[in-house]
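Single-letter residue listing:
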Amino acid sequence: MNKEIKEKIIQVCNEKIAKKGTNVGLSFYAFFKNKNDNPELLMEVAKWWIETHQLDHFEKAVKIKEMIESPS
């Protein structure tokens, strides 16, 4: 994934954690507007979420943030 989407994912995770605490869950749709204006990027994130890491539909924001921040 590109740097911009990684930064967006971290930002959204931080916002959700700040508002609802460390137990808050989210799906990969949380990183996109309701309007599907970038289907290629949506599919890239979906593939990372579903195929690469086999994550559930909803995962803890702290887990996703840690995964994005860790060097791969």
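If you're wondering where the values come from, they're calculated on a predicted model, not measured in any experiment.

Which parts of the structure should I look at to understand the packing of aromatic side chains?
We describe a pair of aromatic rings using the distance from one ring centre to the other and the angle between the two ring planes. Summed over all chains, the structure comprises four aromatic pairs. Through successive ring pairs, a cluster of aromatic residues spans Phe28, Tyr29, Phe31, Trp48 and Trp49.

Explain the nonpolar core here, please?
Of all hydrophobic cores here, the largest spans 20 residues; its most connected members are Leu26, Phe31, Trp49 and Ile64. Here this core gets six residues from one element, more than from any other, and that element is helix α2 (residues 39–52). In this structure, leucine 26 is in contact with Val12, Cys13, Lys16, Phe31, Trp49, His57, Phe58, Glu59, Ala61 and Ile64, ignoring residues within four places of it in sequence.

What's the story with the side chain of glutamate 59 in this structure? I'm lost.
Residue position: glutamate 59 is located in strand β2 (residues 59–60). Sequence-distant contacts of glutamate 59, that is, excluding residues within four places in its chain, are made with Val24, Gly25, Leu26, Trp49 and Ile64.

Scoring rules and cut-offs
Residues numbered from 1 in each chain as written. Predicted model: local features only at pLDDT ≥ 70, side-chain atom pairs only at ≥ 80, totals over all residues. Heavy atoms only, no water. Phe/Tyr/Trp six-rings, centres within 6.5 Å; stacked < 30°, edge-to-face > 60°. Core = buried A, V, L, I, M, F, W, Y, C linked by side-chain atoms within 4.5 Å. Buried < 20%, exposed > 50% of the residue type's maximum accessible area, 1.4 Å probe, protein only. Helix = DSSP H or I, 4+ residues; strand = E, 2+ residues; numbered from the N terminus. Contact = heavy atoms within 4.5 Å.

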